[in-house]
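Working through the structure, step by step
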Amino acid sequence: MFEEASEVFDNMFKSSFPLTFIVFIPAVLILVSPLPTEAAHEFTVYRMQQYDLQGQPYGTRNAILNTEARTVEAEVLSRRCVIMRLVDFSYERYQKALRQSAGAVVIILPKNMSTMPQDIVQQFMELEPEMLATETIVPVYFALEDDELLSIYTQTLTTSSSQGSSSAAEVLIHTATANGFQMVTSGAQSKAVSDWAITSLEWLSYGADSNGSGVSMLLELARLFSRLYTYKRTHAGYNLLFFVSGGGKFNYQGTKRWLEDNLDHTDSSLLQDNVAFVLCLDTLGNGDSLHLHVSKPPKEGTTQYALLKELETVASSQYPEVKFSMVHKKINLADDTLAWEHERFGIRRLPAFTLSHLNSHREAQRSSIMDVRSVSPSSRHGVGEPPAGPYVDLRKLSRNTKLIAESLARVIYNLTEKGAPGDLQIFTEQMVQEEQLSSVVDWLTAQPRAAQLVDKDSSVVSTLEYHLGHYLKDVRRHYVKADKRDPEFVFYDQLKQTMNAYRVKPAIFDLLLAVCIAAYLGVIYLAIQHFGVLYSVVRRITAPKTKQH
């Protein structure tokens, strides 16, 4: 009987494939646990800037990613995508990923920057210039957090932390059972963008205060003075030229080329006439200080000196809470980049200043991705706890706008020599529209304004041109292209990409699964080959015991 049963099982496994498949499939279903979430998550990432400026490379030089995710807690980061949150970021951890030749670094930013501690935001802002100046082949991405991305980070952190367990068996079991994520970008390798033009109609800045505040203030000043210049009896003896430049973060390339075209390549230009002064607006959306940065102190009796004194007069008479001062810094041509935009004009011997609430050009917030439009109540009404990092206080932006407008009006109408008191107001509080300033700042901070992303057909440029056309005459665009033979700047593409996170099992899981399947098949084979012995053992165990009398 046993021989017949053994022969039946043997024939079944040799000749009946469907029945064999039915026997084996439960083992596979048991070994492979069902996944609790979706297999993939898609999100937008922004690659760290990549450009060449005056032959010097900046930023990350790679854009392709297809590797498994790990957090910085893992011991081995080579050829892994290192995910870290901003709250856990440090320069030591960042350097650890670079030293181990990580496949990529993804930094998760919070949606609301005001929730971050001030010390963490300040630390990251101080590290940003060094990160950008360090050329690296490791692609560095930034992503805004969401629930799915935080879930991926948490699971990856658990997997990475388990590698430091004391027991090798625990590490092996946890590695085999944990879920991993394969991070893949949809874009191609970055390449240089040919014939890209920087458009000078807007300062293509990083953020809200630097220099969205300066652009919004310039638009408001254009609106205010257009009302005075509409009628001949209120038209001053000065012509006002409003210039919003492009490429400010790239050593003011838009300003440089605009000056060259108007001073070197034309016989008829407004700049060929006597220019009283050039006033640059930079980072004016916060603070109770106002600094006039100069490369050469103005001499008494000049229009530049009159502007300095009028700013002092208006600040002391109408806004005593504002601390006004002049900051003198000579132009250092040995530096790779200029400190302030007015230095571009100073090199061409045009009297120029920069107004800012920042005391130094080295302040980290001038080139930080932390400079965002805060949603904190304090940014809109000046009350409550201020948010972490740079932000725009609309009350102070409106106050600074009126202070500068009053000072300019006193200069061009020569009010001090006419005996006008310092507290005389040309523009009432209602004339400076805080709602319009708020709308412009909100709009600017909602647009991608890096020079590599804004072309001549961009809605940013066309909207600004339309807005300026309401108040100014003869609004023109000015395009700047790099010299093909010896380019001063080179931009690269693939700054914005889509990243996919695919849920995968680690390679050790496939190995263990193969071992389990082989063991299962081996047990079944031995059971069939020795069915008689197995049957007798089972029968002996299950047979009822006989009672002895």
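Residues numbered from 1 in each chain as written. Predicted model: local features only at pLDDT ≥ 70, side-chain atom pairs only at ≥ 80, totals over all residues. Heavy atoms only, no water.

**Looking at the overall build of the protein chain**
Across its full length, the protein chain holds 16 helices and 16 strands. Per-residue burial over the protein chain gives 48% buried out of 549 residues. Look at the contacts in the protein chain between residues 6 or more apart in sequence, and 77% of them connect residues 24 or more apart. Summed over its atoms, the accessible surface of the protein chain is roughly 28100 Å², and 54% of this surface lies on carbon and sulfur atoms. (Helix = DSSP H or I, 4+ residues; strand = E, 2+ residues; numbered from the N terminus. Buried < 20%, exposed > 50% of the residue type's maximum accessible area, 1.4 Å probe, protein only. Contact = heavy atoms within 4.5 Å. Areas by Shrake-Rupley, 256 points an atom, 1.4 Å probe, with all protein chains shown as cover.)

**Section: the packing of aromatic side chains**
Applying the stated rule across the entire model yields 11 aromatic pairs. Ring geometry for Phe 89 against Phe 124: centres 5.2 Å apart, planes inclined by 75°, an arrangement best described as edge-to-face. Separated by 35 residues along the polypeptide, Phe 89 in the loop between β5 (81–85) and α3 (91–99) and Phe 124 in helix α4 (residues 118–133) bring together distant segments of the chain. Under the relative-accessibility criterion, Phe 124 is labelled buried at 1%. Between Phe 225 and Phe 427 the ring centres are 5.5 Å apart and the planes differ by 70°, which places this aromatic pair in the edge-to-face class. (Phe/Tyr/Trp six-rings, centres within 6.5 Å; stacked < 30°, edge-to-face > 60°.)

**A short note on the side chain of Thr 136**
Secondary-structure assignment places Thr 136 in the loop between α4 and β7 (140–144). Looking at Thr 136, the relative accessible area reads 8%, which means it is buried. A polar contact of 3.0 Å, which involves the side chain of Thr 136, links it to the backbone nitrogen of Val 138. (Polar contact = N/O pair within 3.5 Å; in protein donor to acceptor, adjacent residues only side chain to side chain.)

**Focus: the sheet that holds strand β10 (residues 278–281)**
The 4 strands lie next to each other as β10-β13-β11-β12, forming an open sheet whose pairing is mixed. Of all the strands in the sheet, the pair left with one neighbour each is β10 and β12 (323–328). Between one strand axis and the next, the sheet turns by 25° as a mean value, whatever way the strands run. Taken together, the 4 bridges between β10 and strand β13 (residues 352–356) define a ladder with parallel strand orientation. Residue Leu 281 lies in a different strand from β13, and its bridge partner there is Leu 355. (Pairing = 2+ DSSP bridges. Axes fitted to C-alpha atoms, helices over the stretch in contact; angles between N-to-C directions.)

**Topic: the sheet that holds strand β1 (residues 40–47)**
Taken in spatial order, the 7 strands line up as β1-β7-β6-β5-β4-β8-β16 and close into a barrel, and their pairing is mixed. Between one strand axis and the next, the sheet turns through 35° on average, direction left out of account. Here strand β8 (residues 180–185) runs beside strand β16 (residues 496–504); their pairing, made up of 6 bridges, is antiparallel. Directly across from Thr 185, in β16, lies its bridge partner Met 499.

**Considering the pairing of β13**
Within β13, 5 of the 5 residues are buried, which leaves the element mostly enclosed by the surrounding structure. The side-chain alternation of β13 yields two buried faces, one formed by Ala 352, Thr 354 and Ser 356 and the other by Phe 353 and Leu 355. Direction of pairing for strand β11 (residues 289–294) relative to β13: antiparallel, over a ladder of 4 bridges. Directly across from Val 294, in β13, lies its bridge partner Phe 353.

**Topic: α4**
The end-to-end C-alpha distance of α4 is 24 Å, a good match for the 22 Å that 16 residues give at a rise of 1.5 Å each. Along its length, α4 reaches its greatest deviation from straightness, about 30°, at Leu 127, and the proline Pro 129 lies no more than four positions downstream. Of the positions making up α4, those classed as buried are Ile 120, Val 121, Phe 124, Met 125, Leu 127, Glu 128, Met 131 and Leu 132. Where α4 is buried, its residues meet β2 (50–53), β3 (56–59), α3, β6 (104–109) and β7. (Expected span 1.5 Å × (residues − 1). Bend = angle between axes of the 7 residues up to and from the residue.)

**Observations regarding α3**
Residues of α3 that are buried: Tyr 91, Tyr 94, Gln 95, Ala 97 and Leu 98. In an axial view of α3, the angular spread of the buried residues amounts to 155°, which keeps them on one side of the axis. What points out from α3, more than 90 degrees from its buried face, is the exposed set Glu 92 and Arg 99. Tucked inside the fold, the buried residues of α3 contact β5, β6, α4 and β7. Trailing α3 by a residue or two, Ser 101 shows a phi angle of about 55°, which is positive. (Arc of directions from axis to C-beta.)

**Examining the pattern of salt bridges**
This model, assessed by the stated rule, comprises 20 salt bridges. Measuring nitrogen to oxygen at the nearest pair gives 3.8 Å for the salt bridge that ties Glu 321 to Arg 399. With a gap of 78 residues between them, Glu 321 in the loop between α9 (303–318) and β12 and Arg 399 in helix α12 (residues 394–412) connect regions that are remote in the sequence. Note that Asp 474 is salt-bridged to Arg 476, the shortest N-O span being 2.9 Å. Classification of Arg 476 by relative accessible area gives exposed; the value is 60%. Counted as one network, the salt bridges with shared partners bring together Asp 288, Glu 321, Lys 396 and Arg 399. (Salt bridge = Lys/Arg side-chain N within 4 Å of Asp/Glu carboxyl O.)

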